Amino acid sequence: MTAAGIARLAGVGRAAVSNWRRRHADFPKPVGGTETSPAFALGEIEQWLRDQGKLAEVPLRERVWQQLVGHPAGAAVALRQAGAVLLLAHDRPAAWKQLRGAADDTELTGVLPAMLEAVLAARLGADHPVRGLTREALAPSAALVRAAADLAAADGASQAYAFLLGRHLDANPRQYTLTPPGPAALMAELAAPEGRLDIVLDPACGVGGLLTAAQERATDAAEAGAAPLALHGQESDPDLAALTALRLALSAPDAQVRVRAADTLRADAFPDLAADAVLVHPPFNERNWGHDELAYDPRWEYGFPARTESELAWVQHALARLRPGGTAVLLMPPAVASRRSGRRIRADLLRRGALRAVIALPAGAAPPNGVPLHLWVLRKPGGSTPPTPHLLVVDTAALAAGGRDKLDWQTVRATAVDAWRAFDRDGGIEEEPGVRRSLAAIDLLDDDVDLAPARHLPPPSAAGGPAELARVRDRLTDTLARTTQLTPRPAGTDTAPARWPLTTLGELARSGALILRTGGAGTAPSPSGAPPVLTDHDVIGATAPSGTLPEAPSSGPPEEPVLLLTGDVVVPVLGGGAIARVIDDATAGAALGRNLTVLRPDPAALDPWFLAGFLRGTANNRQASSYASSATRLDVRRLQLPRLPLAEQRRYGQRFRDLADFEEALRLASRLGEQLVQGLHDGLTDGSVAPD
């Protein structure tokens, strides 16, 4: 196990583990790994932690995980074995219980291969991808097998596998390209707006995120007596195909699951499939996709893709595996919409009504996070495709102006789904400048056949039009007048600096005059009941709380966040700036984010505005700052305050409050000025504002 695993066992940070290694001569020596990332024996670490009183018992989840990552055949093989045993325990609990109780380790691993093969064939078909479960392969896995079954008894087989697979994916972020849950759910909703699905295919299924989203959507809309859902997936990586098959079999026990391990374009495992929906997050920019071998493949109904157009090969494969009227949704790089090498195929997709919508997502919606990816929605001709085809273009990029961490996914989803439902129902849609538009396919058939939504959407009226610009100007005029009134007049400019007796925040905390709490901890008990999070960016920019709490773990109680109260003072600890924010009624109730410290003064001893004002002093921050690498870190406990009577504190506090009002007026004037300038530029360039 690594230092990170030791930290999880003991419930401490990695820095604490590093300190233990330096300070304790009896700390276990590494048994593997590298000099920068050593690995330790689980048993030795457990014993040392117990001897030090830092561990009562290893949590079952952690024990199973450490056995999995320490497996001699590797974590992927161990996860395949554990998943197969979990499926056996789920589908045939009586047989598993009898076997486990009667067999020793040697007998257990000797009998398991035949039992596992029987349950896998029954659930996944005879040609399933979960291979290699032989007596020899299972011989070193008896402890892992038993521990995995214990975890299934405690959490449920599906939840146990979801935990192990999720931890494995989190531990290897560069090895896998995952489709985030938000875009996956959106793609499933676009494929089946009413939720009704019978057969779903993902020909590049990876770890099964899209098929899982389709299963969840179909389950929510399932009707009594409906045929069971059939989930088909194909993946070129045998390990991923096996893990996906087990994931789907455990999470969708009522569905028919068929996952195959092979290169889809070169060796299609489902050549006769007629699916209701095809969901694909294909590999991007592949040159070696089979261009030379597949020149005469019957799937290229809309044109033979160029070597540089692997994504258009996936588009045509998806269409070939749909029933007439079936829907495909693909996550695509934006260049596919405009590259000249693909214009003939794009043109034929439009002429025949196969391509129905192109939806631009905000950058950060899915990896690669720096690129605003597109969703292509296609419909196989032969169903209710209109005789005069139109294309829906939607651009949601403006909905993530705050960056990836502030992406309003619910608004993105609603914008895309509402537009698609209306377009699919009516064959057209009311235009919304800058957001959505329905275009006749014939209008797009020029030399470029450029389908990028932003190039076909009229810009929004300049800041709402001339009337809105007039309102912005009036607000700016009023704000500038108020700023002039609030401009402070320094007094006592010839007075020598005061020599007050000083105290530190650390001393005040020890005396009980204030409470210090750090942010960053806490999880959401449920998405609907989670408070917003005040981030360090919100404090620096004086904006409303914009962060969100992470989801609570699937087992164990959720961690309580630090909730802010009116009169709290929040200080960022990174960046080296002199910033302190007094929490008002509008912000109270938000959770405290990372890299922030909250000071909760006793109102009988400290005035919050006095506290915040003196904390912003440049000299105060300079003497309390330290440097870690290239970042400046503030040691809040070293910040100083003068010892003044409460009445004198309030005099200073009122002055600091006046400065805060002046500062906020300046910020508002700056925002309004920028809005007016940009609005006038836009209005003059689009003709909605006259030059005179």
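Every value quoted in this text rests on a predicted model; they were computed, and no experiment measured them. Per chain, residues are indexed from 1 in the order of the written sequence. Per-residue local features are limited, in this predicted model, to residues with pLDDT of at least 70; the limit for side-chain atom pairs, both in listing and counting, is 80 or more; totals at the level of whole chains, interfaces and linings are taken over all residues. Remark: hydrogens and water are excluded; side-chain values derive from all non-hydrogen atoms of the structure.

### Thoughts on the domain arrangement of the chain
Segmentation of the chain into domains returns domain 1 (3-171), domain 2 (181-455) and domain 3 (502-643). Taken together, the 21 residues of domain 1 in the interface contact 20 residues of domain 2. When the two sides are added together, the surface that domain 1 and domain 2 hide from each other amounts to roughly 1,700 Å², 67% of it contributed by carbon and sulfur. Broken down residue by residue, the surface that domain 1 buries against domain 2 is led by Arg123, Leu124 and Pro129, which jointly contribute 35%. Salt bridges are counted wherever a side-chain nitrogen of Lys or Arg sits within 4 Å of a carboxyl oxygen of Asp or Glu. Linking domain 1 with domain 2 are one salt bridge. The salt bridge involving Asp239 is made with Arg80; its shortest N-O contact spans 2.2 Å. Under this definition, polar contacts are N or O atom pairs within 3.5 Å; protein pairs additionally need one hydrogen-donor-capable and one acceptor-capable atom, and for neighbouring residues in sequence, both atoms have to be side-chain atoms. Taken together, the connections running from domain 1 to domain 2 amount to eight residue pairs in polar contact (both at pLDDT 80 or more). Among the secondary structure elements, those contributing two or more residues to the side of domain 1 that touches domain 2 are α5 (75-91), α7 (105-124) and α10 (157-171). The biggest single contributor to the side of domain 1 that touches domain 2 is α5, with eight residues. These domain limits were set by an automatic method or by a database of domain assignments. Residue contacts are counted whenever heavy atoms from the two residues lie within 4.5 Å of one another. When two parts are brought into contact, each loses some accessible area as probed by a 1.4 Å sphere; the total of that loss over both is the buried area. Numbered from the N terminus, helices here are DSSP runs of H or I no shorter than four residues, and strands are runs of E no shorter than two.

### Digging into helix α1 (residues 3-10)
Burial status follows relative accessibility: with a 1.4 Å probe on protein chains alone, a residue under 20% of its type maximum counts as buried, one over 50% as exposed, and anything between as partly exposed. Burial within α1 is extensive, with six of its eight residues counted as buried. All of the buried residues in α1 are Ala3, Gly5, Ile6, Ala7, Leu9 and Ala10.

### Details of the side chain of Thr503
Position of Thr503 among the secondary structure elements: in strand β12 (residues 502-504). A distance of 3.4 Å separates a polar atom in the side chain of Thr503 from a polar atom in the side chain of Arg643. The residues touching Thr503, leaving out its near neighbours within four places in the chain, are Leu508, Leu639, Gln640, Leu641 and Arg643.

### Details of the packing of aromatic side chains
In summary, the pairing rule links any two rings of Phe, Tyr or Trp, Trp by its six-membered ring, whose centres are within 6.5 Å, and it sorts them by plane angle into stacked for under 30 degrees, edge-to-face for over 60 and tilted for everything else. Counting across every chain of the model gives 11 aromatic pairs. Between Trp420 and Phe423, the aromatic rings sit 6.1 Å apart at their centres with planes inclined by 35°, giving tilted as the arrangement. A residue pair is termed a helical-turn pair when its members lie 3 or 4 positions apart in one helix, as Trp420 and Phe423 do in helix α16 (residues 409-426) at three residues. Residue classification places Trp420 among the buried positions, given a relative accessible area of 1%. Of the residues examined, Phe423 reaches a relative accessible area of 0% and is grouped as buried. An aromatic cluster is present here, built from Trp500, Phe610, Phe614, Tyr652 and Phe656 joined pairwise through their rings.

### Considering the sheet that holds strand β16 (residues 581-582)
Strand pairing in a sheet takes place through backbone hydrogen bonds and is either antiparallel or parallel in direction. One open sheet holds the four strands; their spatial order is β13-β18-β15-β16, and the pairing between them is antiparallel. Of all strands in the sheet, those with a lone pairing partner are β13 (514-518) and β16, marking the two edges. Sheet analysis places strand β15 (residues 569-572) next to β16, joined by two bridges and oriented antiparallel. For Val569, the partnering residue across the bridge sits in β16 and is Val582. Strands β15, β16 and β18 (596-601) of the sheet are contacted by helix α20 (residues 608-615), whose axis makes an angle of about 15° with β15. Here a strand pair is declared whenever DSSP counts at least two bridges between the two strands. As a rule, the C-alpha atoms of each element are fitted with a line to give its axis, helices using only the stretch in contact, and angles between N-to-C directions run from 0 to 180 degrees.

### Points about the side chain of Gln316
As for its position among the elements, Gln316 is in helix α14 (residues 310-320). Every residue in contact with Gln316, bar those within four places of it in the chain, is listed here: Arg299, Trp300, Glu301, Tyr302, Gly303, Pro305 and Ile345.

### Observations regarding the packing of α20 against helix α22 (residues 646-686)
With their axes 7 Å apart at the nearest point, α20 and α22 run at an angle of 65° to one another. In terms of orientation, α20 lies roughly perpendicular with respect to α22. Crossing of α20 over α22 shows left-handed handedness. Here Trp609, Phe610, Gly613 and Phe614 of α20 lie close against α22, whose contacting residues are Gln649, Tyr652, Gly653, Phe656, Arg657 and Ala660. Lys, Arg, Asp and Glu make up the charged group, whereas Ala, Val, Leu, Ile, Met, Phe, Trp, Tyr, Cys and Pro make up the nonpolar group; the residues left over, Gly among them, are polar. Of the residues assigned to the contact of α20 with α22, the class counts are six nonpolar, three polar and one charged. Note on angle classes: values under 35 degrees are labelled roughly parallel, values over 145 roughly antiparallel, values of 65 to 115 roughly perpendicular, and the remainder oblique. Each crossing gets its handedness from the near helix: less than a right angle anticlockwise from the far helix is left-handed, clockwise is right-handed.

### Topic: unusual backbone geometry
At the junction of Pro367 and Pro368, the peptide bond is cis and its omega measures out at -5° in the coordinates. Looking at where Pro368 falls in the secondary structure, it is placed in the loop between β8 (355-360) and β9 (374-379). A positive phi angle is found at Asn285, which is not glycine, with a value near 55°. Along the polypeptide, Asn285 turns up in the loop between β6 (275-280) and α14.

### Thoughts on the packing of α1 against helix α2 (residues 14-23)
Contact geometry for α1 and α2: axes closest at 8 Å, N-to-C directions at 105°. As summarised for this structure, α1 and α2 are arranged roughly perpendicular, according to the angle between their axes. Across the interface between the two elements, Ala3, Ala4, Ile6, Ala7 and Ala10 from α1 touch Arg14, Val17 and Trp20 from α2. Here the contact of α1 with α2 is composed, by residue class, of seven nonpolar, no polar and one charged.

### What about the pattern of salt bridges?
A side chain with one charge can pair with a side chain of the opposite charge if their charged atoms come near. Evaluation of the coordinates by the stated rule reveals 34 salt bridges. In this structure, Arg61 engages Asp155 in a salt bridge whose closest nitrogen and oxygen atoms are separated by 3.1 Å. One end of the pair, Arg61, is in helix α4 (residues 60-69); the other, Asp155, is in helix α9 (residues 142-155), and 94 residues separate them in sequence. With relative accessibility at 15%, the residue Arg61 sits in the buried group. Judged by relative accessible area, Asp155 falls into the partly exposed class, the value being 24%. A salt bridge links Arg455 to Asp450; the shortest N-O distance between them is 3.0 Å. On the accessibility criterion, Asp450 (16% relative accessible area) is buried. One network of salt bridges, in which partners are shared, links Arg616, Glu663, Glu664, Arg667 and Arg671.

### A short note on the environment of Leu599
Of note, Leu599 is situated in strand β18. Separated by 47 residues in sequence, Leu599 and Leu646 place their C-alpha atoms 17 Å apart.

### A word on the nonpolar core
Trp96, Leu112, Leu120, Leu190, Leu279 and Leu375 are the most contacted members of the largest nonpolar core, which totals 96 residues. With 10 residues, α5 is the largest single contributor of residues to this core. Looking at which domains feed residues into this core, each of domain 1 (3-171) and domain 2 (181-455) gives three or more. Ignoring anything within four residues of it in the chain, the contact list for Trp96 reads Val85, Leu88, Ala89, Leu108, Leu112, Val145 and Ala149. In this text, buried Ala, Val, Leu, Ile, Met, Phe, Trp, Tyr and Cys residues form a nonpolar core when linked through side-chain atoms within 4.5 Å. Within the second largest apolar cluster, 41 residues are counted, among which are Val278, Trp314, Ala347 and Val358.

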